[in-house]
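An overview of the molecular structure
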Amino acid sequence: MTTKENKTPTRGLKNRHIQLIAIAGTIGTGLFLGAGKSIHLTGPSIIFVYLVIGALMFVLLRAIGEMLYQDPNQHSFLNFVSRYLGIKPGYFIQWSYLLVVVFVAMAELTAIGTYMHFWLPGIPVWITEVVILALLTGLNTLNSRFFGEAEFWFGMIKIVAIIGLILTAIILMFSHYHTGANTVSLRNISDGFQFFPNGLSKFFESFQMVMFAFVAMEFIGMTAAETENPRTTLKKAINQIPIRIVLFYIGALLAIMSIYRWQEIPADQSPFVMIFQLIGIKWAAALINFVVLTSAASALNSALFSTTRNLYSLSKINGDKILKPFTKFSKSGIPLNALLCTAILILLTPFISMIPAISNAFVFITSVATNLFLVVYLMTLLAYLKYRKSSDFDPEGFVLPGASFFVPIAIGGFILIFISLFFFKDTVVPAIGSVIWIVIFGLITFFRKTKTAE
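On a predicted model such as this, the values are computed, not experimentally measured, just so you know.

Section: the overall build of the protein chain
Secondary structure assignment for the protein chain yields 19 helices and 4 strands. Residues counted as buried form 54% of the 454 residues belonging to the protein chain. Partitioning the intrachain contacts of the protein chain with sequence separation of at least 6 by distance along the chain shows that 83% fall at a separation of at least 24. Taken as a whole, the protein chain presents about 19,000 Å² of accessible surface, with 69% of it coming from carbon and sulfur.

Quick word on the nonpolar core
Among the nonpolar cores identified, the biggest contains 129 residues, and Tyr-50, Ile-53 and Tyr-377 are the most heavily contacted of them. Ignoring sequence-local partners within four residues, the contact set of Ile-53 consists of Phe-207, Val-210, Met-211, Phe-214 and Ile-417.

Here we look at the packing of aromatic side chains
In the structure shown here, the tally under the stated rule is 29 aromatic pairs. Between Tyr-91 and Phe-441, the aromatic rings sit 6.3 Å apart at their centres with planes inclined by 15 degrees, giving stacked as the arrangement. Here Tyr-91 is found in helix H6 (residues 87-119), whereas its partner Phe-441 is found in helix H19 (residues 428-447), with 350 residues between them in sequence. Tyr-91 sits in the buried class, given a relative accessible area of 7%. Classification of Phe-441 as buried rests on a relative accessible area of 12%. Site record: aromatic cluster; members linked through ring pairs are Phe-48, Phe-193, Phe-195, Phe-196, Phe-203, Phe-204 and Phe-207.

Description of helix H10 (residues 200-214)
Relative to the 21 Å expected for 15 residues at 1.5 Å per residue, H10 spans 22 Å between its end C-alpha atoms, a close match to the ideal helical length. Along H10, the residues that are buried comprise Phe-203, Glu-205, Ser-206, Phe-207, Met-209, Val-210, Met-211, Ala-213 and Phe-214. Among the residues trailing H10, Ala-216 stands out with phi positive, at a value near 90 degrees.

Some thoughts on the pattern of salt bridges
Following the criterion strictly, the structure yields 4 salt bridges and no others. Between Asp-71 and Arg-83 there is a salt bridge, and its shortest N-O distance comes to 2.7 Å. Taken together, the positions of Asp-71 in the loop between helix H4 (46-70) and helix H5 (79-85) and Arg-83 in helix H5 put the pair 12 residues apart, joining distant regions of the chain. Residue class for Arg-83 comes out partly exposed when judged on its relative accessible area of 36%. We note a salt bridge from Glu-264 to Arg-261, for which the minimum N-O separation is 3.1 Å. For Arg-261, a relative accessible area of 24% gives the class partly exposed.

Describing empty space enclosed by the protein
In this approach, a probe sized like a water molecule rolls over the atoms, and the result shows the empty space that is left. Applying the stated rule across the entire model yields 1 cavity of 30 Å³ or more. Gln-208, Met-211, Phe-212, Thr-370, Asn-371, Leu-374, Ile-417 and Leu-421 together form the lining of the largest cavity. Looking at the lining of the largest cavity, the elements with two or more residues in it are H10 and helix H17 (358-389). Residue composition of the lining of the largest cavity, by class: 5 nonpolar, 3 polar and no charged.

What counts, and at which threshold
- Each chain has its residues counted from 1, running along the sequence as written.
- Owing to the predicted nature of the model, reporting of local features is limited to residues with pLDDT of at least 70; listing and counting of side-chain atom pairs is limited to 80 or more, with chain, interface and lining totals taken over all residues.
- Derived side-chain values reflect all non-hydrogen atoms in the structure, with water molecules and hydrogen atoms excluded from consideration.
- Here a helix means four or more residues in a row that DSSP labels H or I, a strand means two or more in a row labelled E, and each is numbered from the N terminus.
- For every residue, the accessible area obtained with a 1.4 Å probe (protein chains only) is divided by the maximum for its type, and the residue is called buried under 20%, exposed over 50%, and partly exposed between those limits.
- The criterion used for residue contact is that any of the two residues' heavy atoms lie within 4.5 Å.
- Here the open area of atoms and residues is found with the Shrake-Rupley method and a 1.4 Å probe, where only the protein chains shown may cover a residue.
- To define a nonpolar core, start from buried Ala, Val, Leu, Ile, Met, Phe, Trp, Tyr and Cys residues and group those joined through side-chain atoms within 4.5 Å.
- Centres within 6.5 Å are what make two rings of Phe, Tyr or Trp a pair, Trp counting through its six-membered ring; a difference in plane orientation under 30 degrees is then read as stacked, over 60 as edge-to-face, and the rest as tilted.
- Each helix should span, by expectation, one fewer than its residue count multiplied by 1.5 Å.
- Within this document, salt bridges are pairs made up of a side-chain nitrogen of Lys or Arg and a carboxyl oxygen of Asp or Glu, the two lying within 4 Å of each other.
- Residues are called lining when one of their atoms sits within 4 Å of a cavity or pocket point, these points coming from a 1 Å grid over the protein atoms alone, where a cavity is a set in which a 1.4 Å probe fits but cannot get out and a pocket is an open set with protein on both sides within 12 Å along at least five of seven lines.
- Grid points are joined across faces, edges and corners, and a volume is the space filled by probe spheres set on the points.
- Under the convention adopted here, Pro, Cys and the residues Ala, Val, Leu, Ile, Met, Phe, Trp and Tyr are nonpolar, Asp, Glu, Lys and Arg are charged, and Gly plus all remaining residues are polar.

Following this line, the structure appears as structure tokens:
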């Protein structure tokens, strides 16, 4: 396939694609498999945690949306860091985000191999990993519309699963269904309610888990340049996010805790499996395995898309000759060389998985990646504050109301979450690892000569 310089992205994504991408990218194992542990940590007050993190992410997305609305031709919202904070901070954040998403993609590919092993125990995991990666890479070589179509159906499966859970809870509630000694009711949430049932430390520990459930919501900022009518589509998608948070996250949690008393929900089981088994679906484990498999495939597909565009953007802002091949587009408007390089990096996953005892190190790497998302968010918000003071600011555009009040609050919230990671056993080592990356690569970036593209 031949490639060419093409400064105008192919606008192949439609409104319905962006609407699903805006919410489906954040629905994954953090909710389907992690809801039980989240509820176990702090009970019904986990709803408050979801609302707080959701509000912080909404401020972030409105800030990203305002900048993209003013310049919708950007392939990555990270370009604004280079524009408003400088080339060196932009170089640092572009590479950090690229590596973060590659590591996340590797983790998702490993998860896919594990989920496929549920149905194909006789086939080596690495074979299924290579096949799935090849299929998704092939899909991404096509027009971005095909990527959007895949994400639409991946997202639809997850949304149907959550709506099914909520409807099940409503039906059981009105039929006064009994689960052992208890009746399905909202009273199961309020009875014995305490804001810190397991102490203040467990409450704050839950913030990290909920943060993990929300990371990648900013991915919508990678799709703006490839949508039809980007300003209209982006504005609508971002403004509907609060409604979706309440419906899908809060609705799912309320449904779970109305069916089972929150004090009795185990931390090591998926509440989704428990509920579908309760209503007589004996193959509930297989059902949830299918849902989380599509979630992982969706995350991997999104990682391929966003890392490809990020590598393209990085090659443009830095202007290095070694990165010049990544500025080329295929005939279908795809940064093909950047895509193939991304796929090759992710292809290391099966080989890493073959190394004895690497699983712990891999979990560590992905944990560090999650922490670095917070750094990306913070630098993006700082860039936004500079944008508001620049001549680019459009007071008639998609302006974030009360930005001078809400953005500093969001920055403070993300900082507090990052600091909290140093106080819990499961997150302290990854937190230290992310600081090491920030210091070492930050110094490399500071002393390295960079230049903009011609």
